[in-house]
Amino acid sequence: MNPVVIDTNCLLQIIARKSPYRPIWDAFLAGRYDLCVSNDILEEYQEILGQQISQTVAENIVLLILNQENVQLVDPYFHMDLITADPDDNKFVDCAFAAGADYLVSEDSHFNVLHKTPFPHLNLVTLDEFMQTRLVEN
């Protein structure tokens with residue numbers, strides 16, 4: 001299966017029913033890629049969803065994620081600290097590295113440092129770029 005890490009800002013955009021990026025969420029629910037998450041990522045998902053939508057929706061989304069067969073719970077052993085502008089974003093980088101993710105999906109400019117980092121090579125893509133992959137049907 002194709003492992004993918006999705007930043008929280010992107011998760012917020014893909015779960016909205018009327019979002020142009022909803023096919024990414026639907027592809028996940030259909031099992032077309034593996035969503036890789038760590039405990040730190042799940043905590044951030046729940047915290048931010050709770051702030052932006054509601055605690056109940058946040059809990060339901062996290063439970064839905066955890067109950068999908070195509071979820072990989074990753075425990076990163078290495079903390080590479082590649083993103084210095086916002087160290088909190090490193091949890092996504094570390095998870096992507098540990099999972100051997102095919103894609104790290106983010107719209108956050110702090111992640112752009114990865115384009116200049118020779119190791120580890122992580123395939124950083126935007127939502128629009130991920131929409132164009134074979135994993136997501138438009």
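That block above? That's the structure.
Residues numbered from 1 in each chain as written. Predicted model: local features only at pLDDT ≥ 70, side-chain atom pairs only at ≥ 80, totals over all residues. Heavy atoms only, no water.

Trainee: An account of the packing of aromatic side chains is needed here, citing residue identities and associated values.
Mentor: Summed over all chains, the structure comprises four aromatic pairs. For the ring pair tyrosine 33 and phenylalanine 130, a centre distance of 5.5 Å and an interplane angle of 80° mean the geometry is edge-to-face. Placement of the pair is tyrosine 33 in the loop between α2 (22–29) and β2 (34–37) and phenylalanine 130 in helix α6 (residues 127–131), with a sequence separation of 97 residues. Both residues of the pair, tyrosine 33 and phenylalanine 130, count as buried. Measuring from centroid to centroid gives 5.4 Å for tyrosine 103 and phenylalanine 130, while their planes differ by 65°, and the two rings are edge-to-face. Linking tyrosine 103 in strand β4 (residues 103–105) with phenylalanine 130 in helix α6, this pair joins segments that are 27 residues apart in sequence. For the residue pair tyrosine 103 and phenylalanine 130, the accessibility class agrees, reading buried in each case. Clustering of aromatic rings is evident, with ring pairs tying together Trp25, Phe28, Tyr33, Tyr103 and Phe130. (Phe/Tyr/Trp six-rings, centres within 6.5 Å; stacked < 30°, edge-to-face > 60°. Helix = DSSP H or I, 4+ residues; strand = E, 2+ residues; numbered from the N terminus. Buried < 20%, exposed > 50% of the residue type's maximum accessible area, 1.4 Å probe, protein only.)

Trainee: How would you summarise the sheet that holds β4 if you had to cite specific residues and measurements?
Mentor: Taken in spatial order, the five strands of this open sheet run β3-β2-β1-β4-β5, and their pairing is parallel. The sheet is open, and its two borders are formed by β3 (71–73) and β5 (124–125), each paired with just one other strand. Those strands touched by helix α5 (residues 90–99) are β1 (3–6), β2, β3 and β4, and its axis lies near 175° from that of β1. (Pairing = 2+ DSSP bridges. Contact = heavy atoms within 4.5 Å. Axes fitted to C-alpha atoms, helices over the stretch in contact; angles between N-to-C directions.)

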